[in-house]
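Summary of structural features
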Amino acid sequence: ALALASVAGCASPFQADGYHHPEFPLVVRYTEPPKYGFVSDQWRVENFVDGNGGKPGSEKTGPEYTLVRTRDLDGDGEPDSSEARVFNLRLVHRKTDASIFVRTVPMPKDRIDRDLGIFVQEYADALSGSGFLASEASDGKIDVSGHTYVAKVLSSEASRLGRFVAQDAVLEVANADRLKLDANARTTKIRVLFVRSDYTEHVRLDAKKSVDAPALLMIGCASSPETFDATSADFAKFLASIDVSQGQ
């Protein structure tokens, strides 16, 4: 909670040229600078309240926007719990169910150098049996919806995001109950890049203890199968607007 209060007290991440991550030199450039717009006017920022003049205001803090991570970030053999935002930046489409998101995930130092394909499979495992918006690589199963999901990796290939290596994957998520009635039923398709960065995230574990943990980036989009092709095309524009050229 102290960590979240600290983030909430910082200056707005929405500056003149784009969204600036509060800790890293990661910038998402506006597509329409006067309107603080990303991708096109069909997308809006969802995880910040509406502000004056089109500029997003304060970050939303409801329970659907936060999660508790339990990991051994300091290497002492004991799991540490820390509260964090689910998304750094989340866009939603005005007319469809599509979303685009940026997440930064602090990792134990002995895990950050693993093959990125492993994170893809772990993400699929976490999606199975859980609500997909609350799941992330290396987290346990988090039941936020009362439904059971089955996730499948459709593709996974090496890629890059600027100067960083990445793994670009497409996953399919189905509601297990619907599959019993219709073998072709699909709930969501997700495209996500797992990016190994040289960033570190400062994580406060309690009032006296904190750690600087390596940060894994998760940048992705999600939509129904019917709108996925159009969403993926907009996601490509979003990826092109991300600037990670500066070192931390």
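Along each chain, residues carry numbers from 1 onward, in the same order as the chain's sequence is written. The predicted origin of the model limits local features to residues at a pLDDT of at least 70 and limits the giving and counting of side-chain atom pairs to 80 or more, whereas totals for whole chains, interfaces and linings rest on all residues. Side-chain measures were taken over the full set of non-hydrogen atoms in the model, leaving aside hydrogen atoms and water.

Some remarks on the packing of aromatic side chains
Any Phe, Tyr or Trp ring, taking Trp's six-membered ring, that has another such ring centre within 6.5 Å forms a pair; planes under 30 degrees apart are called stacked, those over 60 apart edge-to-face, and the others tilted. Tallied over the entire structure, the rule returns ten aromatic pairs. Look at Tyr123 and Phe194: their rings are 5.6 Å apart centre to centre, the planes differ by 75 degrees, and that puts the pair in the edge-to-face class. Placement of the pair is Tyr123 in helix H2 (residues 116-127) and Phe194 in strand E10 (residues 188-204), with a sequence separation of 71 residues. Considered together, Tyr123 and Phe194 belong to a single accessibility category, that of buried residues. Among the aromatic residues, those joined into a cluster by ring pairs are Phe14, Tyr19, Tyr30, Tyr36, Phe38 and Phe48. Runs of E in the DSSP output that reach at least two residues are strands. Runs of H or I that reach at least four are helices, and both are numbered from the N terminus. Three labels apply to residues, based on accessible area from a 1.4 Å probe with only protein chains included: buried if under 20% of the type maximum, exposed if over 50%, partly exposed otherwise in between.

Observations concerning empty space enclosed by the protein
Using protein atoms alone on a 1 Å grid, points that fit a 1.4 Å probe yet trap it form a cavity, whereas open point sets bounded by protein on both sides within 12 Å along at least five of seven lines form a pocket; residues with an atom within 4 Å of a point count as lining. Grid points are joined across faces, edges and corners, and a volume is the space filled by probe spheres set on the points. Inspection of every chain in the model, using the stated rule, returns one cavity of 30 Å³ or more. Surrounding the largest cavity, Asn47, Glu59, Lys60, Tyr65, Arg85, Val86 and Phe87 form its lining. Note on residue categories: nonpolar means Ala, Val, Leu, Ile, Met, Phe, Trp, Tyr, Cys or Pro, charged means Asp, Glu, Lys or Arg, and polar means any other residue, Gly included. When grouped by side-chain class, the residues that make up the lining of the largest cavity number three nonpolar, one polar and three charged.

Some details on the environment of Thr61
Relative to the assigned elements, Thr61 resides in the loop between strand E3 (43-45) and strand E4 (66-71). Take Thr61: its relative accessible area is 54%, and that puts it in the exposed class. Sequence separation of Thr61 and Asn47 is 14 residues, and the distance between their C-alpha atoms is 8.5 Å. When checking whether two residues touch, look at their non-hydrogen atoms; a contact exists if any pair is within 4.5 Å. Excluding residues within four positions of it along the chain, Thr61 makes contact with Thr66 and Arg85.

Thoughts on the pattern of salt bridges
A carboxyl oxygen of Asp or Glu within 4 Å of a side-chain nitrogen of Lys or Arg is what we treat as a salt bridge. Taken as a whole and assessed by the stated rule, the structure comprises ten salt bridges. With its nearest N and O atoms 3.2 Å apart, the salt bridge here joins Glu46 to Arg90. Pair noted here: Glu46 is in the loop between E3 and E4 and Arg90 is in strand E6 (residues 89-93), with a separation of 44 residues, a long-range link. Arg90 shares its class with Glu46; the two are buried. A salt bridge links Asp168 to Arg191; the nearest nitrogen and oxygen atoms lie 2.7 Å apart. Remark: Arg191 occurs in strand E10 and Asp168 occurs in strand E9 (residues 164-175); sequence separation between them is 23 residues. Overall, Asp168 belongs to the buried group, its relative accessible area being 10%. Three or more residues are tied together by salt bridges with common partners; here these are Asp17, Arg29 and Asp243.

A closer look at the confidence of the model for the protein
Of all residues in the protein, 83% attain a pLDDT of 70 or more, and the chain-wide mean is 83. Element-level pLDDT for the protein is lowest in helix H1 (residues 2-8), with a mean of 39, against a maximum mean of 97 in strand E12 (residues 242-243). Segment residues 1-9: pLDDT under 50, and ten contacts once partners within four positions in sequence are set aside and those in other chains are kept. pLDDT gives the predictor's per-residue confidence on a scale running from 0 to 100. Under a pLDDT of 50 for its full length, residues 132-145 has, in the predicted model, 47 contacts with residues more than four places off or in other chains.

Considering helix H4 (residues 228-240)
Each helix should span, by expectation, one fewer than its residue count multiplied by 1.5 Å. For H4, which comprises 13 residues, the first-to-last C-alpha distance of 18 Å matches the rise-based estimate of 18 Å (1.5 Å per residue) to within 8%. Among the residues of H4, Phe228, Thr231, Ser232, Asp234, Phe235, Phe238 and Leu239 are the ones counted as buried. All buried residues of H4 project into a common sector of 165 degrees when viewed along the axis, lining one side. Of the residues in H4, the exposed ones pointing more than 90 degrees away from the buried face are Asp229, Ala230, Lys237 and Ala240. The arc in question is the one traced by the directions running from the helix axis out to the C-beta atoms.

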